[in-house]
Amino acid sequence: MISQESSMGYGVRAVVVVAVLALACSWGVAQIGPRYVIELRSQGGSTEGMARGRVQLAGRGMALVRFQGLSVLTVDADTQSYSDEEARNWPEADLVLVTPPTAGHFFGLGPLMKPPGRPAIVPLAPGETISSKGMQLYPMAAWETLDLRKANTKLRVTAMAGAQGTRGVAGFMLELGNSRSSYRVYVSCAEDEAAALAQRLPGADLALVPARGAPRLLALNRGAPLKDVPAVLTAAGYAFTADKR
């Protein structure tokens, strides 16, 4: 027969086990969830049901990705090469995405440190730390994610690792969409991996690959046929349609 003291002991141990499991579950959810979550206010009307977007050249080393009132400005990692005046004339965007540096390029935060401050994602190398110094910076290591929502539009940014054997962030996957459809744009600075992108990133629809003067566009998946995608990004841009997934 079990004594009252033993029953109480079992009860206390059970409570402790439950508490530990709860903490472990909470920790696990935190690890698999996005590193950052941003909620933005929308100044426009509803975009429910719209599925059109555009990617276009926005200046030297820059591209602007727009979808349903949400905009992302991708900027070459060598931000020290931009003057403060150039930075002030950058297109308005909800988010700035600083791409990983290529060989021979200096990675710097340059004009991101000057007003007007812009929320910006920056690649984070293994073992590296970046101080925001009052800036709205979102450093991301490989496989980390950021979720952004603006009205009915959702954006998930994933920092992608490179080919096998490489370290650090090779590029970023942007998935833009709403509750019914989405479109995936891979923004990369690994030009030498362009030929293998379709195999390495089977879920991506389009890739922005850096090139001298202006980024190149690559159709990767079941999106628009290759002949419909301009080889070089222009100011007129390329229109895309989100797909049901």
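What counts as what
Residues numbered from 1 in each chain as written. Predicted model: local features only at pLDDT ≥ 70, side-chain atom pairs only at ≥ 80, totals over all residues. Heavy atoms only, no water. Helix = DSSP H or I, 4+ residues; strand = E, 2+ residues; numbered from the N terminus. Buried < 20%, exposed > 50% of the residue type's maximum accessible area, 1.4 Å probe, protein only. Contact = heavy atoms within 4.5 Å. Areas by Shrake-Rupley, 256 points an atom, 1.4 Å probe, with all protein chains shown as cover. Core = buried A, V, L, I, M, F, W, Y, C linked by side-chain atoms within 4.5 Å. pLDDT = per-residue confidence, 0-100. Pairing = 2+ DSSP bridges. Polar contact = N/O pair within 3.5 Å; in protein donor to acceptor, adjacent residues only side chain to side chain. Axes fitted to C-alpha atoms, helices over the stretch in contact; angles between N-to-C directions. Salt bridge = Lys/Arg side-chain N within 4 Å of Asp/Glu carboxyl O.

**Describing the overall build of the protein**
Along the protein, the regular secondary structure elements total 3 helices and 15 strands. Relative to its 245 residues, the protein shows a buried fraction of 42%. Here the contacts in the protein between residues at least 6 apart in sequence split such that 45% fall between residues at least 24 apart. For the protein, the accessible surface area stands at approximately 13200 Å², while carbon and sulfur atoms represent 56% of it.

**Details of the nonpolar core**
Residues Ile121, Leu146, Leu155, Val157, Phe172 and Leu174 are the most contacted members of the largest nonpolar core, which totals 33 residues. If you look at the next biggest cluster of nonpolar residues, it comprises 12 residues, including Met62, Leu73, Val96 and Val122.

**Some remarks on the environment of Leu137**
Structurally, the position occupied by Leu137 is in strand β7 (residues 137-140). Here Leu137 falls in the buried class, since its relative accessible area comes to 10%. Distance from Leu137 to Val96, taken between C-alpha atoms, is 9.4 Å for residues 41 residues apart in sequence.

**Topic: the confidence of the model for the protein**
Low pLDDT marks regions whose predicted coordinates should not be analysed in detail. Per-residue pLDDT for the protein averages 74, and the proportion of residues at 70 or more is 64%. Taking the mean pLDDT of every element in the protein, the minimum, 42, falls on helix α1 (residues 4-32) and the maximum, 95, on strand β8 (residues 145-150).

**Here we look at the pairing of strand β5 (residues 95-98)**
Side-chain positions along a regular strand alternate between the two faces of the sheet. Here β5 shows two buried faces, one formed by Leu95 and Leu97 and the other by Val96 and Val98. Here 4 bridges tie strand β4 (residues 70-75) to β5, and the two strands are oriented parallel to one another. In the strand pairing of β5, Thr74 is matched with Leu97. Direction of pairing for β5 relative to strand β6 (residues 120-123): parallel, over a ladder of 2 bridges. Note that in β6 the partner of Val96 across the bridge is Ala120.

**Here's the deal with the side chain of Ser182**
When you line up the elements, Ser182 lands in strand β11 (residues 181-188). What makes Ser182 buried here is its relative accessible area of 7%. Reaching out from Ser182, the side chain makes a polar contact with the side chain of Glu175 at a distance of 2.8 Å. Among all residues touching Ser182, those that are not within four sequence positions of it are Glu175, Leu176, Gly177, Ala242, Asp243 and Arg245.

**Regarding unusual backbone geometry**
Although it is not a glycine, Gln68 adopts a positive phi angle of roughly 50 degrees. According to the relative accessible area criterion, Gln68 is buried, its value standing at 7%. Notably, Trp143 is not glycine yet its phi reads approximately 75 degrees, a positive angle.

**Regarding the sheet that holds β7**
Read from one edge of the open sheet, 7 strands run β7-β6-β5-β4-β3-β2-β14, paired in mixed fashion. If you trace the sheet from one side to the other, it starts and ends with β7 and β14 (238-241), each paired once. Across the sheet, the mean angle separating the axes of adjacent strands is 20 degrees when strand polarity is ignored.

**Topic: the pattern of salt bridges**
Working definition: two side chains of opposite charge can pair if their charged atoms are close together. With the rule as written, the count across this model stands at 4 salt bridges. Across the pair Arg184 and Glu175 runs a salt bridge, and its minimum N-O distance is 3.3 Å.

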